[in-house]
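Chain and residue survey
Residue-level listing of the chains:
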Amino acid sequence: MSSPIYGAIEAGGTKFVVALATGPNEILARTTLPTATPPETLAAVVAFLNQAEDKHGKLSSLGVASFGPIDLHLESPTYGYITSTPKAAWTQTNILGVLKESFSVPMGFDTDVNGAALAECRWGAAQSVDSCLYITVGTGIGGGFACGSRTLQGLVHPEMGHVRIQQLPQDEFPGVCPFHQNACVEGLASGPALEKRWGCPGHELPPEHEAWTLQVDYLAQALVNMIVVLSPECVVLGGGVMKQSHLFPPLRIRVQELLNGYLEAPQILEENQDYIVPPLLGDNAGLLGALTLGMDAG
Ligand code: ZN
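What you see as residue numbers is a count from 1 along each chain, following the sequence as written. Reporting in this predicted model follows two pLDDT cut-offs: at least 70 for local features of residues, and 80 or more for side-chain atom pairs to be given and counted; totals over whole chains, interfaces and linings ignore these cut-offs and use all residues. The side-chain figures draw on all heavy atoms in the structure; neither hydrogens nor water molecules are used.

So, on to the sheet that holds strand E3 (residues 26-34). Following DSSP output, two strands are said to pair if at least two bridges run between them. Per the convention used, a helix needs a DSSP run of H or I reaching at least four residues, while a strand needs a run of E reaching at least two, with both numbered from the N terminus. Within the open sheet, the 5 strands sit side by side as E3-E2-E1-E4-E5. Their pairing is mixed. In this open sheet, the two strands that pair with only one neighbour each are E3 and strand E5 (107-111). Each adjacent strand pair in this sheet contributes to an overall mean axis angle of 15°, direction not counted. When strand E1 (residues 6-11) meets strand E2 (residues 15-23), the two strands line up antiparallel, connected through 6 bridges. Pairing of Ala8 across the sheet is with Ala19, part of E2. Contacts from helix H1 (residues 38-56) reach E1, E2, E3 and strand E4 (61-66), with the element oriented near 20° to E2. Each axis is a line fitted through C-alpha atoms, and for a helix only the stretch in contact is used; angles between axes span 0 to 180 degrees, taken between their N-to-C directions. Any pair of residues with heavy atoms lying within 4.5 Å of one another is described as a contacting pair.

Quick look at the structure:
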């Protein structure tokens, strides 16, 4: 008997990655589509999946890991919607509903970062432990948390980019968060914050630039808040800004300094090199997150 085939859709603010797979190491077909308007993008997603089904066989289930905010309450009339996103064209988009018109299979739906946390837990950096905090630092800052085979959902879903942190005295940047300006980590340390503060994208700044001292401090403050609340056994940091791999060693040290010996966990006390890490799944963390959601829905 052939293996079940799963569909995976990583719905991002700038691109959609879509795949048909039987598992993380067996991607049968894959494409990347620009995020245009919802009708255009979703029609292209459906067309790709239909074509891939013709070639490889019918889907048994489908997972969608989406940018947000999204509605995850099964009983809500807007379950499966992207809701009040700043990406105007996508406000109140019934993404799952559109997919259900074309595919009558079980579907899993969660945030992109919850999906990535789940995938890192199952196949990636956190596979030897039970819980994973996944933070992306890019166009925005977002966080997801997986424990075992479940992700953290509740009132809405985690919005960890908006934890409040203290701005350093030497930094007078007004911040970029439209809701909290310079009072939250997204306002001070997202990719757009770096670019606006220093006048060029982060990847153009040399490793010795003072930008990174601020960046490390702000991310460390946010991580400490998340670590003491969630008690994750592994912290994975992805996204474009974290491609600056020189950030990891000072970030580990700063987290340790701010915790100041309070948490008696060897993972943190001993250099924490295996505790605060880049995604083992690399740029595939998001897509494989969607795949885990699809596999779990089936
Ligand atoms: Zn904010």
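Geometrically, the link from Gly68 to Pro69 is a cis peptide bond, its omega value of 0° lying close to zero. Residue position: Pro69 is located in the loop between E4 and helix H2 (95-102). Of note in the backbone geometry, Asn260 takes a positive phi value of approximately 55° without being a glycine. Here Asn260 shows up in the loop between helix H7 (248-259) and helix H8 (266-269). In this scheme, a residue with accessible area under 20% of its type's maximum is buried, one over 50% is exposed, and one in between is partly exposed, where area comes from a 1.4 Å probe on protein chains only. With a relative accessible area of 67%, Asn260 lands in the exposed category.

To continue, consider the packing of aromatic side chains. Classification of ring pairs rests on two measures: the distance between centres of Phe, Tyr or Trp rings, Trp counted by its six-membered ring, which must be within 6.5 Å, and the angle between planes, read as stacked under 30 degrees, edge-to-face over 60 and tilted in between. Counted by the stated rule, this structure contains 3 aromatic pairs. Seen from their ring centres, Tyr79 and Phe109 are 6.1 Å apart, and the 85° between their planes marks the pair as edge-to-face. Here Phe109 lies in strand E5 and Tyr79 lies in the loop between E4 and H2, a separation of 30 residues in the sequence. Phe109 matches Tyr79 in its accessibility class, with the two residues each being buried. What links up through ring pairs into an aromatic cluster is the set Phe16, Phe67 and Trp90.

We now examine the coordination of the zinc ion. Listed donor atoms are N, O and S within 2.8 Å of the metal (Na, K and Ca: 3.2 Å). As water is not included, a site may look incomplete. Those donors, His162 (ND1), Cys177 (SG), His180 (ND1) and Cys184 (SG), are the protein atoms that reach the zinc ion, and they lie 2.1 to 2.4 Å from it. Sequence positions of the residues that donate to the zinc ion give the spacing H-x14-C-x2-H-x3-C. Comparing Cys177 with Cys184 shows no difference in burial state: the two are buried.

Each assigned domain of the protein chain is listed here: domain 1 (6-112 + 286-297) and domain 2 (125-280). In this entry, domain limits derive from an automatic or database-based domain assignment. When each unit is reduced to the centre of its C-alpha atoms, the spacing between domain 1 and domain 2 is 27 Å. The interface of domain 1 with domain 2 comprises 8 residues on the first partner and 8 residues on the second. Buried area counts how much accessible surface, traced with a 1.4 Å probe, disappears from two parts once they are put together, with both parts' losses summed. Carbon and sulfur atoms supply 44% of the area buried between domain 1 and domain 2, which totals about 580 Å² over both sides. The largest contributions to the domain 1 side of the interface with domain 2 come from Leu72, His73 and Asp110, which together make up 52% of the buried area. When a carboxyl oxygen of Asp or Glu is within 4 Å of a side-chain nitrogen of Lys or Arg, the pair counts as a salt bridge. At the boundary of domain 1 with domain 2, the tally comes to 0 salt bridges. A 3.5 Å cut-off defines polar contacts: any pair of N or O atoms within that distance qualifies, except that in protein one atom must be a possible hydrogen donor and the other a possible acceptor, and neighbouring residues in sequence count only when both atoms are side-chain atoms. For the interface between domain 1 and domain 2, the tally reads 5 residue pairs in polar contact (both at pLDDT 80 or more). In terms of residue count, E5 provides more of the side of domain 1 that touches domain 2 than any other element does, 3 residues in total. Amino acids outside the nonpolar list (Ala, Val, Leu, Ile, Met, Phe, Trp, Tyr, Cys, Pro) and the charged list (Asp, Glu, Lys, Arg) are all regarded as polar, and Gly is one of them. In terms of residue class, the side of domain 1 that touches domain 2 is built from 4 nonpolar, 2 polar and 2 charged.

Per the stated rule, a full pass over the model turns up 6 salt bridges. Among the salt bridges present, the one from Arg254 reaches Asp217, with a minimum N-O distance of 2.8 Å. Of this pair, Arg254 sits in helix H7 while Asp217 sits in helix H6 (residues 211-230), placing them 37 residues apart in sequence. Taking relative accessible area as the criterion, Arg254 reaches 25% and is therefore assigned partly exposed. The buried category is assigned to Asp217, whose relative accessible area is 7%. For Asp283, the salt bridge is made with Lys243, and the minimal N-O distance between the two is 3.2 Å. Linking Asp283 in the loop between strand E10 (276-277) and helix H9 (285-297) with Lys243 in the loop between strand E9 (235-238) and H7, this pair joins segments that are 40 residues apart in sequence.

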